[in-house]
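# Observations on chain architecture
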Amino acid sequence: MNQPRPLGLLGTVLESARQTTLRLRGHRVWWWVGVGALILAAASWLLASRAHERVDGRSLFCVVAWWLHGTVVLPWLVLYLGVQSLHGGIEDRTFQYLFLRPVARPALLLGNWLAVSALGAVIGAIGSLAAFVGIAAHPGLWPDGVQWELVGVFARSYAVAAIAYAAAAMLFSSWFRRPLVWAAFFVVGLQQLTANLPISAGLRQLTITDPLRRLILDGVEPDPRLAKSLWPAESEFRTELIGSPLTELAWFTGVCLLLAAIAYQRSEYDARSRD
């Protein structure tokens, strides 16, 4: 009788990603995404209907898409999905079955990361479109015509952000007993305070928020007023401040995945109570 051939590293990663996607697609978080998208569209429409005459649709959309969706909704949802995908198996002891199989643990972790990254990119695109539709419903705010290309700028940027946030979720889930607590500290403490205070650029580069904001600014090419709204800690926005945000996010993602793989490979897990 022929024995099934091992999947190999790449095959294991892809199969882990497939199974993680199937497991997460029925998660209740998608109800939150659907309801949240409707609320975001309604809130954007309401803000646009009451916007000051000096505020145009382009600026209003960028502010809403960044401060509400990009720094609050997207990070929390991606981190939550990432924790559930990896740490959930530790909580319900299903990891024991996986660890008994002849597969590499880092490959399982990378598959989880790929799946959460893809789902996070979908969340980023849905939120960006919802915010835009609410504001685009007021054509009077768009003197040069409705600029649908802005949705693409934010959707692409948030796809990159989802990759980095998913990597952070893998790190928290593999290292800590209470990964959601550490995720809260990361988003509220490290991210928001460090990225939005007038501190050194070197420290800001250690976050996801700061390079992500520079990536978005590079895409929307803001006027000084819009740049100040998106980056209040910077006294004057200049193109040379953009730097290499994709490189910084790639380094952040790589370091998180490396540390997560080391911990996931070497740790001895037991059942843990749910956060």
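In this text the structure is predicted, and so the values were computed from the model without any measurement.

### As for unusual backbone geometry
At glutamate 221, a position not held by glycine, the phi torsion is positive, near 50 degrees. As for its placement among the helices and strands, glutamate 221 is situated in the loop between α9 (209-220) and α10 (224-230).

### Topic: the confidence of the model for the protein chain
In this model, the protein chain carries a mean pLDDT of 84, and residues with pLDDT of at least 70 account for 85%. Counting contacts from residues 271-275, a segment whose pLDDT is below 50, to residues more than four positions away or on other chains yields 17 contacts.

### Remarks on the packing of α9 against helix α11 (residues 245-266)
Running from N to C, α9 and α11 point in directions that differ by 150 degrees, and their axes come no closer than 8 Å. In terms of orientation, α9 and α11 fall into the roughly antiparallel class. Where α9 crosses over α11, the two elements pack in a sense that is left-handed. Along the contact surface, α9 presents Pro211, Leu212, Arg214 and Leu215, while α11 presents Pro245, Leu246, Glu248 and Leu249. When grouped by side-chain class, the residues that make up the contact of α9 with α11 number six nonpolar, no polar and two charged.

### Quick word on the packing of aromatic side chains
All told, the structure shown has ten aromatic pairs when counted by the stated rule. Taking 6.2 Å as the distance between ring centres and 70 degrees as the angle between the ring planes, the aromatic pair formed by tryptophan 66 and tryptophan 67 counts as edge-to-face. When the centroid spacing of 6.3 Å and the interplanar angle of 35 degrees are considered together, the rings of phenylalanine 172 and phenylalanine 176 count as tilted. Since its relative accessible area comes to 8%, phenylalanine 172 is described here as buried. Take phenylalanine 176: its relative accessible area is 23%, and that puts it in the partly exposed class. Every member of this aromatic cluster is reached through a ring pair, and the members are Phe61, Phe132, Trp142, Trp148, Phe154 and Tyr158.

### Points about helix α1 (residues 8-24)
Along its 17 residues, α1 runs 24 Å from first to last C-alpha, staying within 8% of the 24 Å computed at 1.5 Å per residue. All buried positions along α1 are accounted for by Thr12, Val13, Ser16, Ala17, Thr20 and Leu24. Down the axis of α1, the buried side of the element spans an arc of 135 degrees, and every buried residue falls inside it.

### Structural notes on the packing of helix α5 (residues 105-136) against α11
Interhelical geometry of α5 versus α11 gives an angle of 135 degrees and a closest axis separation of 9 Å. When the axes of α5 and α11 are compared, the pair comes out oblique. Every pair of crossing elements has a handedness; the one defined by α5 and α11 is right-handed. Where α5 approaches α11, its residues Arg105, Pro106, Leu108, Leu109, Leu110 and Trp113 are matched on the opposing element by Thr253, Leu257, Ala260, Ala261, Tyr264 and Gln265.

### Remarks on the nonpolar core
In terms of nonpolar packing, the biggest core is built from 66 residues, with Phe61, Leu79, Phe154, Tyr158, Met170 and Phe186 touching the most fellow members. Going through the elements one at a time, α2 (29-49), α3 (57-91), α5, α6 (149-175), α7 (179-196), α9, α10 and α11 are the ones with two or more residues in this core. Ranked by residue count, the leading element in this core is α6, at 16 residues. For methionine 170, the residues in contact, after removing those within four places along its chain, are Gly82, Ser85, Leu86, Leu109, Asn112, Trp113, Val116, Leu257 and Ala260.

Analysis parameters
Residues numbered from 1 in each chain as written. Predicted model: local features only at pLDDT ≥ 70, side-chain atom pairs only at ≥ 80, totals over all residues. Heavy atoms only, no water. Helix = DSSP H or I, 4+ residues; strand = E, 2+ residues; numbered from the N terminus. pLDDT = per-residue confidence, 0-100. Contact = heavy atoms within 4.5 Å. Axes fitted to C-alpha atoms, helices over the stretch in contact; angles between N-to-C directions. Parallel < 35°, antiparallel > 145°, perpendicular 65-115°, else oblique. Left-handed = near helix turned anticlockwise from the far one by under 90°. Nonpolar A, V, L, I, M, F, W, Y, C, P; charged D, E, K, R; others polar. Phe/Tyr/Trp six-rings, centres within 6.5 Å; stacked < 30°, edge-to-face > 60°. Buried < 20%, exposed > 50% of the residue type's maximum accessible area, 1.4 Å probe, protein only. Expected span 1.5 Å × (residues − 1). Arc of directions from axis to C-beta. Core = buried A, V, L, I, M, F, W, Y, C linked by side-chain atoms within 4.5 Å.

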